[in-house]
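One-letter residues, chain by chain:
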Amino acid sequence: MGAPPLPMLPPATIAPSGDAGCGAMGCMGGSGTKPFYATLMDMPSLTPEARRFIETEAGKRLGSGSEAITTGQALLHHALSANDPAAMQRAIADVRLGVLQAESGAAALLAVNEGQPPRQIALTWIKGQTSVPATVGMSMNEGPWGLSWYHLTTMVFLVAFMLGAILIHYARLRRIDGLVQRLTPGATPAPAGNPKPVARTDSGTAPKPAPPSVPTTSAAPTQKPPTTEAPTPAKASMRWSGALRVAQIFRETPFVKTFRLMEPTEGPIPFSFLPGQFLNFSAEIDGKRIQRSYTIASSPTQRDYVEFTVKREDQGAESRYLHDNIAVGDHLDVSGPFGVFTFTGTETASIVLISGGVGITPMMCVTRYLTDRNFTGDIFFLHGARSTQNYIFREELEYLQKRHENLHVVATMESAEGTAWSGTVGLISKEFIERAVPEISRRRVHVCGPPPMMEAVKAALAELGVPNGKIKTESFGLAKGAVPAPDATLPAVPPAPSATVAAAIPSAQAEVQFSKSGKTGLLAPDKCVLEAAEAIGVAIDFSCRVGTCGICVVPLLDGSVTMEVEEGLPPEDKARGIILACQAKSAGNLVVDA
Ligand SMILES: Cc1cc2nc3c(=O)[nH]c(=O)nc-3n(C[C@H](O)[C@H](O)[C@H](O)COP(=O)(O)OP(=O)(O)OC[C@H]3O[C@@H](n4cnc5c(N)ncnc54)[C@H](O)[C@@H]3O)c2cc1C
Ligand code: FES
């Protein structure tokens, strides 16, 4: 007896691939056309047409499944860096759906390849969609209660499918619960006596204890220890705030010190971060609370501590305080991590890191991370220092370069008089970059340093044909509002006048309403939302005030703004109506969620 002919599938029986209950094999019970899987159940052996059809449909499922997984992963990364739990949930659901689709496609292909009988293939296909074990050997002709086996099987599968869907939903809720658990403050043991509640904490898996690391002193490093697993972008970047203990202080150069911070109660640091991110430090200095940002210079692979490296500014409030007053055993109030000036090695095949002075800190973090993780792409590390005496991390860089042939360190000293320096002398120039980096126009470039150096480097990169989109910058540049006025630094609590302060900013034309605080202020066309907020005592966190750090983000509920610099604002946040308060200006009325 020959196999029954393969029915032509009318389009109505082909469900979209995203449909977990039906598939291209046809919906059960459906439209009056006999579903393909039912035809398979009746076939004694697989016809070539049926085989081709199954292979094509399985391939489609695999394709759409893997596409959904990739998209879901990308969305999850974005959601994690944007701290958006709802988006995380949606992204996780997308990934799960993709896995289900790919699984069912793979199972059907396997069944065909193994030469399973048509009936078994049909059951496997359905199993792939319902997670029910396929039962073989059932007769399709007669069954109990006057029902055919076909109907009975269909009913069993329907019930099983519903149960499967409920189970999947339940498992999903549990996984989301687990994720939320990890994201909530309680998940990380809070240090005893930690004065601040944890606002949001990392999404990473429980960090493993790290072995001791290479000390970041100027002394020649010794044996490099193995590193622990680092947080991936998806695991990092959830904010935390609290106090950390100063465990060690290293002098790097005459004006630069590194501070190692640890959990007051030992154990791993209570947050994860991406290479290149920074922390915000808040300190009470001379009765005034001030905030400053410092890049985490240590690698995210080190879970026992974070280090930040500070240049002492002659008249700087925070940097002098840290250098002159802070000792081992003291506690520092930090929040973070913040920032989008990151590189994890997954973005591009190679990286060019150009820094000047203390702008070396994010580059050092990235380099430590990439070498710890055995990144195989080229790392071009270009640095400009005033003199060899001020060349921060010199010994460690030379040591790393010896060990990692893909790390190319090139430095130039502004002045080398009276030293044994045999390298380049002068500022970082177009020629210096060109000599150090082959085919720079196709590479991603990170730049950080004093504002004049950054401007010069950006101009040189433009001349070398590096597209703007490949250049990432971080400015430590002086925050307008950070330079202390003669009377003070930032007040601990800004003065809070009455709800509407019309005279706060002269020549104001528009109004800005701060919905959370219930205050309304005037917004002059040349003033930013942050200044309008400060004028009437609405607190908005800030650090750089130049649009790069991303701390001052606030949702814009109504109106439109222009922003001169948006480096600290991920495009997806901008698309969601988030603005940088330190940059947002408007000639029209605004409503801001602050
Ligand atoms: C994202 C980000 C990351 C950063 N990472 C680092 C880092 O890793 N390491 C680092 O060292 N810095 C870093 N910075 C810079 C850091 O945040 C501070 O801006 C820096 O330490 C200076 O702060 P301060 O309080 O000491 O100086 P401020 O008090 O803010 O003074 C700023 C400048 O003005 C000068 N000044 C102050 N008062 C006077 C006065 N009356 N007359 C003349 N001059 C005056 C000071 O000498 C100083 O140069 C980063 C900044 C940002 C935005
Ligand atoms: S304060 Fe840094 S971006 Fe606005």
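The coordinates are above.
Basis of the calculations
- Residues numbered from 1 in each chain as written.
- Chains lettered and ligands numbered in written order.
- Predicted model: local features only at pLDDT ≥ 70, side-chain atom pairs only at ≥ 80, totals over all residues.
- Heavy atoms only, no water.
- Pairing = 2+ DSSP bridges.
- Helix = DSSP H or I, 4+ residues; strand = E, 2+ residues; numbered from the N terminus.
- Contact = heavy atoms within 4.5 Å.
- Axes fitted to C-alpha atoms, helices over the stretch in contact; angles between N-to-C directions.
- Core = buried A, V, L, I, M, F, W, Y, C linked by side-chain atoms within 4.5 Å.
- Buried < 20%, exposed > 50% of the residue type's maximum accessible area, 1.4 Å probe, protein only.
- Near = heavy atom within 4 Å.
- Polar contact = N/O pair within 3.5 Å; in protein donor to acceptor, adjacent residues only side chain to side chain.
- Areas by Shrake-Rupley, 256 points an atom, 1.4 Å probe, with all protein chains shown as cover.
- Phe/Tyr/Trp six-rings, centres within 6.5 Å; stacked < 30°, edge-to-face > 60°.
- Lys NZ or Arg CZ within 6 Å of the ring centre and 35° of its normal.
- Salt bridge = Lys/Arg side-chain N within 4 Å of Asp/Glu carboxyl O.
- Parallel < 35°, antiparallel > 145°, perpendicular 65-115°, else oblique.
- Left-handed = near helix turned anticlockwise from the far one by under 90°.
- Nonpolar A, V, L, I, M, F, W, Y, C, P; charged D, E, K, R; others polar.

Draft legend 1. Representation of the sheet that holds strand β10 (residues 424-425). Spatially, the six strands line up as an open sheet ordered β10-β9-β8-β7-β11-β12, and their pairing is parallel. Both outer strands of the open sheet, β10 and β12 (471-475), are each paired with one neighbouring strand and no more. Inspection of the sheet shows strand β7 (residues 351-356) paired to strand β8 (residues 379-385) by six bridges, in the parallel sense. When the sheet's bridge partners are listed, valine 352 is paired in β8 with phenylalanine 380. Across the sheet, helix α10 (residues 451-463) is in contact with β7, β11 (444-449) and β12; its angle to β11 comes to roughly 160 degrees.

Draft legend 2. Spotlight on the sheet that holds strand β4 (residues 288-295). One open sheet accounts for six strands, arranged β4-β3-β6-β1-β2-β5; its pairing is antiparallel. The open sheet is flanked by β4 and β5 (306-311), the only strands paired with a single partner. Taken over all neighbouring pairs, the strand axes of this sheet differ in orientation by 40 degrees on average, direction set aside. With six bridges connecting them, strand β1 (residues 240-253) and strand β6 (residues 331-338) associate as antiparallel partners. By the bridge assignment, glycine 242 is partnered in β6 with valine 334. Where helix α6 (residues 317-325) meets the sheet, it contacts β2 (256-262), β3 (278-285), β4, β5 and β6, and its direction lies at approximately 80 degrees from that of β4.

Draft legend 3. Representation of unusual backbone geometry. Residue proline 337 is reached from glycine 336 by a cis peptide bond, and omega for that bond is 0 degrees. Position of proline 337 relative to the elements: it lies in strand β6. Positive phi, close to 55 degrees, is recorded for asparagine 374, a residue that is not glycine. Among the secondary structure elements, asparagine 374 is positioned in the loop between α7 (360-372) and β8. The residue phenylalanine 393 is not glycine, and still its phi comes out positive at about 65 degrees. Take phenylalanine 393: it is sitting in the loop between β8 and α8 (394-403).

Draft legend 4. A look at the nonpolar core. Counting 30 residues, the largest nonpolar core has Leu370, Phe381, Tyr391 and Leu397 as the members making the most contacts within it. Sorting elements by how many residues they give to this core places α7 first, with six residues. With residues near it in sequence (within four places) discarded, leucine 370 still touches Phe343, Thr344, Gly345, Ile351, Phe375 and Ile379. Counting residues in hydrophobic clusters, the runner-up holds 26 residues, among them Leu569, Leu580, Leu590 and Ala594.

Draft legend 5. Representation of the site of ligand 1 within the structure. If you check the shell around ligand 1, you find 23 residues, and the closest are Arg292, Ser293, Tyr294, Glu318 and Ser319. One of the backbone nitrogen or oxygen atoms of glutamine 315 is found 3.3 Å away from an oxygen atom of ligand 1. Between threonine 361 and ligand 1, the recorded distance is 3.0 Å, taken from a side-chain N or O atom to an oxygen atom. Within the complex, the protein chains bury 83% of what would otherwise be the 970 Å² of accessible surface of ligand 1.

Draft legend 6. Spatial organisation of the packing of aromatic side chains. Here the structure, examined in full by the defined rule, presents nine aromatic pairs. Ring centres 6.4 Å apart and planes at 55 degrees place the aromatic pair phenylalanine 271 and phenylalanine 273 in the tilted group. Of the residues examined, phenylalanine 271 reaches a relative accessible area of 0% and is grouped as buried. Arranged with centres 6.0 Å apart and planes meeting at 90 degrees, the rings of phenylalanine 343 and phenylalanine 375 form a pair that is edge-to-face. Taken as a pair, phenylalanine 343 in the loop between β6 and β7 and phenylalanine 375 in the loop between α7 and β8 lie far apart in primary sequence, 32 residues in all. Classification of phenylalanine 343 as buried rests on a relative accessible area of 0%. One cation-aromatic arrangement involves arginine 260 over tyrosine 305; the distance from NZ or CZ to the ring centre is 3.7 Å. Across the ring face of phenylalanine 393, the terminal group of arginine 368 is positioned such that the distance to the ring centre comes to 4.8 Å.

Draft legend 7. Expanded view of the pattern of salt bridges. Summed over all chains, the structure comprises 14 salt bridges. Here arginine 394 makes a salt bridge to glutamate 398, at a shortest N to O gap of 3.1 Å. Of this pair, arginine 394 and glutamate 398 both sit in helix α8, separated by four residues, roughly a single helical turn. On the basis of relative accessibility, which here comes to 24%, the residue arginine 394 falls in the partly exposed class.

Draft legend 8. Main features of the pairing of β3. Taken across its eight residues, β3 has seven buried, putting it largely inside the fold. Examined bridge by bridge, β3 and β4 share eight bridges and lie antiparallel to one another. By the bridge assignment, serine 282 is partnered in β4 with glutamine 291. Taking the residues that link successive antiparallel strands as the turn, the β3-β4 hairpin has two residues, and the phi of aspartate 286 there is positive, at about 50 degrees.

Draft legend 9. Examining the packing of α7 against α8 more closely. Where α7 contacts α8, the two axes come as close as 12 Å, and the packing angle between them is 30 degrees. Between α7 and α8, the interaxial angle falls into the category roughly parallel. Judged by the twist between their axes, the crossing of α7 over α8 is left-handed. Contacts from Ile360, Met364, Thr367, Arg368 and Thr371 in α7 reach Glu396, Leu397 and Leu400 in α8. A breakdown of the residues in the contact of α7 with α8 according to their chemical character gives four nonpolar, two polar and two charged.

On their own, these measurements won't tell you what the molecule is for.
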